[in-house]
Protein chains: 2
Amino acid sequence: MTDSAPSFEGVLDAARQIAPAAVRTPLIEHPALNERAGGRVLLKAETLQVAGAFKFRGAYNRISRLTEDEKARGVVAYSSGNHAQAVAAAARMMGTRALIVMPADSPKVKVEGVHAFGGEVRFYDRYTESREAIGEAVARERGSVLVRPFDDPFIIEGQGTTGLEIVDQAADLGAEPADQLLCGASGGGLIAGINLAMAARWPDTRVIGVEPEAYNDTQLSLAAGERVTYPPVAAPSICDALMTDRPGELTFPINRRLERVVTVSDDEVADAVAYAFRTLKLVVEPGGAVSLAALLAGKVEARGLTTAIVLSGGNIDPALFAQIIEGRFKGARP
Amino acid sequence: MTDSAPSFEGVLDAARQIAPAAVRTPLIEHPALNERAGGRVLLKAETLQVAGAFKFRGAYNRISRLTEDEKARGVVAYSSGNHAQAVAAAARMMGTRALIVMPADSPKVKVEGVHAFGGEVRFYDRYTESREAIGEAVARERGSVLVRPFDDPFIIEGQGTTGLEIVDQAADLGAEPADQLLCGASGGGLIAGINLAMAARWPDTRVIGVEPEAYNDTQLSLAAGERVTYPPVAAPSICDALMTDRPGELTFPINRRLERVVTVSDDEVADAVAYAFRTLKLVVEPGGAVSLAALLAGKVEARGLTTAIVLSGGNIDPALFAQIIEGRFKGARP
């Protein structure tokens, strides 16, 4: 149980809490990728998680702890899409309702995912409205618990179970500890949870954040020594899952531990999505492929090393996926 | 070591032989598929194998046993594409050359795969020429060992390691034994190898073969009580990996053990490929998706049962994959 700051004990507790419902996703090693990287690469396939992304870990860790009274009033969440589906899935499992505030330009597949899990959707404009303000207002109106996407200890600790599993599964592969671990950073919940696990279990492993070039708020914040908030940005990105304007309040202090943050362009991300299709036979969404993109584009040296990579989600619209694998992708549209 | 009939001991030996080179592919359980099936479904993801299909197991088991003298003379294989890539990959690892006789209409991705592994390709016409005759003639000319796609004990035993791993991994998931196991049948090497493993380890598990409607030679042969050879067929199928005209000489006697064979249409297969993309986040080629198709189309009852399914390969051309996931697939072209 965690009530205050996220902790490694909380991650261990989350692992017990989510075990009945979450998938222990495989840690995949592919000879062709090893050969290309010139080292060992361990892929944590969170694409195979419930609702297609790591987000279910945190959402279930939070929602499964609601009281009966809280469940009766339902939950509210705001999300770019993966947290949305995860909250809807966990809410359905726990017998409560979910209302999700989503950007109007969310991938269709993510909106449909929320509906498929019985969730209700309310849209907002990603570029002009504040999802936090809308989410909080709706939660107040309904008396519902707001399930935040990252600034909640239970969420961060739930995501941290990804890191625990990487450690255990790498041992099974005789690849422990990894020299470095690459993970995308948006609000920073996943990478913060992983940092908690790494600090305790693989303290010498370099944890490296990866962000889209146009949404490098964690990189800027680490350089500034404090959380930097972007002015409202209008740059479109293929990485819909990673378009945050600042690091989280709870996640940033933990993520000061990052060795560094590297950035990738949309073209590099598209190349990684195509590589995952062609060679790894995995469906990875752009925001879930940034770490692989960083490796393939040489942003991080992997030669002679063991590199763990989180493939954090696989929810991508068929039309975009088709464009990318057929080499027809010409950049994200605003 | 096996010299005569394929055996379970040979499968155990193959497991030791291929361990340094093959991927122990994950056995994946996905809550959404379980829910849809109304039971537990265990997916053996051979899509994640070296060269994207189970074929590497048998090819490596055979080629890694060549003498130095045999290696000096190279290997020859005929194949619809997956065996081709596997032989090329194994040959490269063992330091020998591979010449592959492939149908002229093989998916580009498979031809490119052979080239990427340094193999040489010679095309033939799938509908008018005998690949066996061409392969044997070329092997004779060059003094090369012919690595057959299924009628070879080492090949069958190598493929059988897939079954051994399913048994061990199902135990880890607390899902042992499965009530039934579905696997595609072409020449029948994979399913024969799996039958050897099942007879020894899960004797009560019903092993069910799955074939494309237009290439149901194993189904017809079981009904006839002997190997039936099709007249040369001209029916195109999306399942390029499963277009054989008769069961193998060594595989058929073993596959008499099958509980039954069910068939699937190209449309059912395309639906399964799309489902794997959308929900499972896995790239599966048509021939590799027939077992999943049989389950999703209700050809096999799965309610209340544990069903193991082999996703045998993931080598599909981007254009076809794009058509299928975007709902534009209108049937295979001759």
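Novice: Help me understand the overall build of chain A in this model?
Specialist: In terms of regular secondary structure, chain A is built from 14 helices and 10 strands. The globule rule puts the C-alpha radius of gyration for 334 residues at 20 Å, and the 18 Å found for chain A is close to it. Projected onto its principal axes, the C-alpha positions of chain A cover 55 × 45 × 40 Å. Counting only residues that meet the buried cut, chain A has 65% of its 334 residues in that class.

Novice: What exactly am I supposed to notice about the packing of aromatic side chains here?
Specialist: The description of two aromatic rings rests on the distance between their centres and on the angle between their planes. A complete count under the given rule lists seven aromatic pairs over all chains for this structure. An angle of 45 degrees between the planes, with centres 5.0 Å apart, marks the rings of A:Phe321 and B:Phe277 as tilted. Pair noted here: A:Phe321 is in helix H14 (residues 318–325) and B:Phe277 is in helix H12 (residues 266–280), and the two residues belong to different chains. You'll find A:Phe321 and B:Phe277 in the same group, each marked buried. A network of ring pairs unites the aromatic residues A:Phe277, A:Phe321, B:Phe277 and B:Phe321 as a single cluster.

Novice: I'm lost on unusual backbone geometry in this one. Help?
Specialist: Across the chain, the bulk of peptide bonds are trans and the bulk of non-glycine residues have phi less than zero. All names here are of chain A. In the segment running from Glu176 into Pro177, the intervening peptide bond is cis, with an omega of -10 degrees. Looking at the element boundaries, Pro177 is found in the loop between helix H8 (153–172) and strand E7 (180–184). With phi around 65 degrees, Ala51 is a residue other than glycine that occupies positive phi space.

Novice: What exactly am I supposed to notice about the interface of chain B and chain A here?
Specialist: Often, the extent of an interface is quoted as the loss of accessible area upon association of its parts. Listed as interface residues are 28 residues of chain B and, on the opposing side, 28 residues of chain A. Taking both sides of the interface into account, the surface hidden between chain B and chain A amounts to around 2200 Å²; carbon and sulfur atoms contribute 68%. When residues of chain B are sorted by the area they lose upon contact with chain A, B:Leu48, B:Phe277 and B:Lys281 head the list and together hold 28% of the total. Of the charged contacts, one joins B:Arg92 and A:Glu35 as a salt bridge, the two residues approaching to 3.1 Å between their closest N and O atoms. Counting across the interface, chain B meets chain A through eight residue pairs in polar contact (both at pLDDT 80 or more). Of all the elements in the fold, those that place two or more residues in the side of chain B that touches chain A are helix H2 (31–37), H12 and helix H14 (318–325) of chain B.

Novice: Help me understand the sheet that holds strand E4 (residues 98–103) of chain A, please; the structure alone is not making it clear to me.
Specialist: Whenever strands of a sheet pair, they do so through backbone hydrogen bonds, lying parallel or antiparallel. Residues and elements named next belong to chain A. With parallel pairing, four strands are arranged side by side in an open sheet as E5-E4-E3-E6. Both edges of this open sheet fall to strand E5 (120–124) and strand E6 (145–146), since each of them pairs with a single strand only. For strand E3 (residues 75–78) and E4, the ladder comprises four bridges, and the chain directions are parallel. Bridge pairing links Val76 to Leu99 in E4. Sheet contacts for helix H6 (residues 108–116): E4 and E5; angle to E5, the most-contacted strand, approximately 150 degrees.

Novice: What exactly am I supposed to notice about the sheet that holds strand E9 (residues 260–264) of chain A here?
Specialist: Residues and elements named next belong to chain A. Pairing within the open sheet is mixed, and its six strands lie in the order E1-E2-E10-E7-E8-E9. The open sheet has two free edges, formed respectively by strand E1 (27–28) and E9, since each of these has just one partner strand. Relative to E9, strand E8 (residues 206–212) is paired through five bridges, and the arrangement is parallel. From the neighbouring strand, Pro212 faces E9, where its bridge partner is Val264. Helix-sheet contacts for helix H10 (residues 217–224) involve E8 and E9, and the interaxial angle to E9 is about 145 degrees.

Novice: For this particular structure, what's the right way to read the nonpolar core?
Specialist: Soluble globular proteins tend to bury their nonpolar side chains together. Core analysis: the largest hydrophobic core is formed by 86 residues, its most contacted members being A:Leu33, A:Leu292, A:Phe321, B:Leu33, B:Leu292 and B:Phe321. With residues near it in sequence (within four places) discarded, A:Leu292 still touches A:Leu33, A:Ala272, A:Tyr275, A:Ala276, A:Leu280, A:Ile309 and A:Leu311.

Novice: Could you clarify how one ought to interpret the pattern of salt bridges in this entry?
Specialist: Oppositely charged side chains may form a pair once their charged atoms are brought near each other. On inspection of all chains with the given rule, the structure shows 38 salt bridges over all chains. In this structure, A:Arg126 engages A:Asp105 in a salt bridge whose closest nitrogen and oxygen atoms are separated by 3.0 Å. Linking A:Arg126 in the loop between E5 and helix H7 (131–142) with A:Asp105 in the loop between E4 and H6, this pair joins segments that are 21 residues apart in sequence. As a salt-bridge pair, B:Glu285 and B:Lys110 come within 2.6 Å of each other at their nearest N and O atoms. With a gap of 175 residues between them, B:Glu285 in the loop between H12 and helix H13 (290–296) and B:Lys110 in helix H6 (residues 108–116) connect regions that are remote in the sequence. Summarising the burial analysis for this pair, B:Glu285 and B:Lys110 share the class buried.

Novice: Quick question: what am I supposed to make of the relation of the copies chain B and chain A here?
Specialist: Copies of the same chain, two in number, are related to each other by a rotation about an axis and a translation along it. For these two chains of identical sequence, chain B goes onto chain A by a turn of 180 degrees and a shift of 0.0 Å along the axis, with RMSD 0.0 Å. The two molecules are tied by a two-fold rotation axis, judged by turn and shift. Both copies share a contact surface, since 100% of the interface residues of chain B are interface residues in chain A too.

Novice: Looking at this model, I keep getting lost on the side chain of A:Lys110. Mind explaining?
Specialist: Overall, A:Lys110 belongs to the buried group, its relative accessible area being 0%. For A:Lys110, the side chain forms a polar contact with the side chain of A:Asp240, separated by 2.6 Å.

Novice: When you look at the side chain of B:Thr263 in this model, what are you seeing that I'm missing?
Specialist: All names here are of chain B. Looking at the element boundaries, Thr263 is found in strand E9 (residues 260–264). Overall, the relative accessible area of 18% leaves Thr263 in the buried class. With residues up to four places along the chain from it excluded, the contact list for Thr263 reads Glu211, Pro212, Glu213, Asn216, Gln219, Glu268 and Lys299.

Novice: How do you make sense of empty space enclosed by the protein when you look at a structure like this?
Specialist: Over the atoms, a rolled probe matching the size of one water molecule traces out where space is still vacant. Residue and element names in this part refer to chain A. Taken as a whole and judged by the stated rule, the model has one cavity of 30 Å³ or more. Empty space within the largest cavity amounts to approximately 40 Å³. Surrounding the largest cavity, Arg73, Gly74, Val75, Arg97, Ala98, Leu99, Glu120, Arg142 and Ser144 form its lining. When the residues that make up the lining of the largest cavity are grouped by side-chain class, the tally is three nonpolar, two polar and four charged.

Novice: Is there a simple way to think about the environment of A:Ser130 in this case?
Specialist: Residues and elements named next belong to chain A. As for its placement among the helices and strands, Ser130 is situated in the loop between E5 and H7. A relative accessible area of 35% places Ser130 in the partly exposed class. Distance from Ser130 to Tyr78, taken between C-alpha atoms, is 9.9 Å for residues 52 residues apart in sequence.

Novice: For this particular structure, what's the right way to read the environment of A:Val111?
Specialist: Residues and elements named next belong to chain A. Topologically, Val111 is positioned in helix H6. Note: C-alpha distance between Val111 and Gln85 (26 residues apart in sequence) is 7.8 Å. Sequence-distant contacts of Val111, that is, excluding residues within four places in its chain, are made with Met102, Ser106, Val121 and Phe123.

Conventions we followed
Residues numbered from 1 in each chain as written. Chains lettered and ligands numbered in written order. Predicted model: local features only at pLDDT ≥ 70, side-chain atom pairs only at ≥ 80, totals over all residues. Heavy atoms only, no water. Helix = DSSP H or I, 4+ residues; strand = E, 2+ residues; numbered from the N terminus. Rg over C-alpha atoms; globule rule 2.2 N^0.38 Å. Buried < 20%, exposed > 50% of the residue type's maximum accessible area, 1.4 Å probe, protein only. Phe/Tyr/Trp six-rings, centres within 6.5 Å; stacked < 30°, edge-to-face > 60°. Contact = heavy atoms within 4.5 Å. Buried area = accessible area lost by both parts, 1.4 Å probe. Salt bridge = Lys/Arg side-chain N within 4 Å of Asp/Glu carboxyl O. Polar contact = N/O pair within 3.5 Å; in protein donor to acceptor, adjacent residues only side chain to side chain. Pairing = 2+ DSSP bridges. Axes fitted to C-alpha atoms, helices over the stretch in contact; angles between N-to-C directions. Core = buried A, V, L, I, M, F, W, Y, C linked by side-chain atoms within 4.5 Å. Least-squares fit on C-alpha atoms with pLDDT ≥ 70 in both. 1 Å grid on protein atoms, 1.4 Å probe; cavity = no way out; pocket = protein on both sides within 12 Å on 5 of 7 lines; lining within 4 Å. Points joined across faces, edges and corners; volume = space filled by probe spheres on them. Nonpolar A, V, L, I, M, F, W, Y, C, P; charged D, E, K, R; others polar.

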